[in-house]
Amino acid sequence: MLNINDIRKQFHVLDQQVYGKPLVYLDNAATTQKPLCVIERERDYYLHENCNIHRGVHYLSQKATEAYEHARQTVANFIHAKEAKEIIFTRGTTESLNLLATAFEHLISLDCFVPRNDAKRQTEMKVLVTAIEHHSNLVPWQQMVQRHQGQLLVVPMDDKGVLDIEQYEKMLKEGPKVVSIAHISNVLGTINPIKQMIAMAHQYDIPVVIDGAQSIAHHPIDVQDLDCDFFVFSGHKMYAPMGIGGLYGKAEWLEKLPPYQFGGEMVDTVSFEKTTFNVLPYKFEAGTPNVGAALGLETAIQFLQNLDRKAVEEHETQLLQSAIQQLSEIDDIRFIGEAEQRSGLVSFIIDGIHPYDLGTIIDKMGVAVRTGHHCAEPVMTHFDIPGTVRASFALYNTLEEVEIFTKAVKKAAMMLR
């Protein structure tokens, strides 16, 4: 059993009022709040351990280096990576995906880049994504293929927000160089069948990237069991600081890919004539890293590991189901995303009411939600809507907060009609 009251004591930001109302924070898909232990760990680093890591022979540098590499091992253990060197620290999911798109482009461009008049070869630079992707898992790949007159293959979805797996298999036969899929949609809450999709892609020897930004805080991740080639995530969506995240990659793939950025740390030897690069994971970590945030990420992981993850899942599922049930009582409401397998959030519109207006009014009642297209404009285009209201849940939310939220929506809807 989770003791939600004890958990909430770790999150001081929740213990405040906005506009004279108790804060109900339901914007967790955008960013989660940080427990006191995470804040204190980052603060403690700057108070007592602050130093640039690696290469330093003095005490503080060695202490900070040891802590940083221990954090890397903690991340590896958390997602069940085979080795710590398979974990690359990045600023988050977006940087991880840009790293991969850039590195893959350099890896395969020599085979794909041909004169513009060679129409047969121009479409060989293909990448497969899905119709539910966040812009961060769409635009980098889109720009990559466009630079080489290639093609972005997009797996369609139905009006419930479920991917068409038959079409996915047909697209695999078209020979994409990479498949990149969101584990959970940040708009729809749809949980994609990624283990099945990974296995299908591997039948055609196609590497698979999994965007785990919306899943890692809610569900246990085992990258070896999934057999994904890459898994990316952001710390700030799992109770860790902003500006830190990770990229898991199978060692054999990371060895193949060229560096993403150049500078200190990622080099082995440098002369004016030639540069050789460092071993994994360092060849992808140019420059001074965000050590304090990495230690905060480790502490956030430890915070999660000290909880009953199954109980967390059950609690968050209960919050979601309660929200859907109560919102369903509102006339003219339309849920955007109704997959049988979904997690973490509910997204909706009310006919005749702009999502921004609804969100603005319930904010004055102390309820924080997200409105807009949620960096997923193609999803909005599919449903022919300007945006949605999205309420997203975390382990510190309560059923009482869900009730406050749904009552606020009902009241706002009455005011706006």
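Quick caveat, the model's predicted, so the values are computed rather than measured.

A. Structural detail: the overall build of the protein. When helices and strands are counted, the protein shows 15 helices and 17 strands. Compactness check: the protein gives a C-alpha radius of gyration of 22 Å against a globular reference of 22 Å for 417 residues, within 12% of the reference. Based on the C-alpha atoms only, the size of the protein along its principal axes is roughly 70 × 60 × 35 Å. Taken across its 417 residues, the protein has 56% of its residues classed as buried. Put simply, 70% of the contacts in the protein that link residues at least 6 apart link residues at least 24 apart. For the protein, the accessible area works out to roughly 18,600 Å², and carbon and sulfur atoms hold 50% of it. Averaged over its 38 positive side-chain charges, the protein has a centre that lies 2 Å from the centre of its 53 negative ones.

B. Fine view of the side chain of glutamate 133. Structurally, glutamate 133 can be placed in the loop between strand S5 (126-130) and helix H6 (139-146). No salt bridge forms around the buried glutamate 133; measuring N to O, its nearest opposite-charge neighbour arginine 390 is 13 Å away. A distance of 3.1 Å separates a polar side-chain atom of glutamate 133 from the backbone nitrogen of alanine 182. Once residues lying within four places of it in the same chain are set aside, the contact partners of glutamate 133 are Leu138, Ser180, Ile181, Ala182, Cys375 and Ala376.

C. Looking closely at helix H13 (residues 355-363). Among all positions in H13, only Pro355, Leu358, Gly359, Ile361 and Ile362 are buried. Buried residues along H13 cover an arc of 165 degrees about the axis, so they all sit on one side. Against the buried residues of H13 lie strand S14 (345-350), strand S15 (367-368), strand S16 (370-372), strand S17 (388-392) and helix H15 (399-416).

D. Up close: helix H3 (residues 59-79). In this model, H3 (21 residues) spans 31 Å end to end at C-alpha, consistent with the 30 Å of a helix rising 1.5 Å per residue. Residues Ser61, Ala64, Thr65, Ala67, Tyr68, Ala71, Arg72, Thr74, Val75, Ala76, Phe78 and Ile79 constitute the buried set of H3. One or two steps after H3, the chain reaches histidine 80, where phi turns positive at roughly 65 degrees.

What counts and what doesn't
Residues numbered from 1 in each chain as written. Predicted model: local features only at pLDDT ≥ 70, side-chain atom pairs only at ≥ 80, totals over all residues. Heavy atoms only, no water. Helix = DSSP H or I, 4+ residues; strand = E, 2+ residues; numbered from the N terminus. Rg over C-alpha atoms; globule rule 2.2 N^0.38 Å. Buried < 20%, exposed > 50% of the residue type's maximum accessible area, 1.4 Å probe, protein only. Contact = heavy atoms within 4.5 Å. Areas by Shrake-Rupley, 256 points an atom, 1.4 Å probe, with all protein chains shown as cover. Lys, Arg positive; Asp, Glu negative; His and termini not counted. Charge placed at Lys NZ, Arg CZ, Asp CG, Glu CD. Salt bridge = Lys/Arg side-chain N within 4 Å of Asp/Glu carboxyl O. Polar contact = N/O pair within 3.5 Å; in protein donor to acceptor, adjacent residues only side chain to side chain. Arc of directions from axis to C-beta. Expected span 1.5 Å × (residues − 1).

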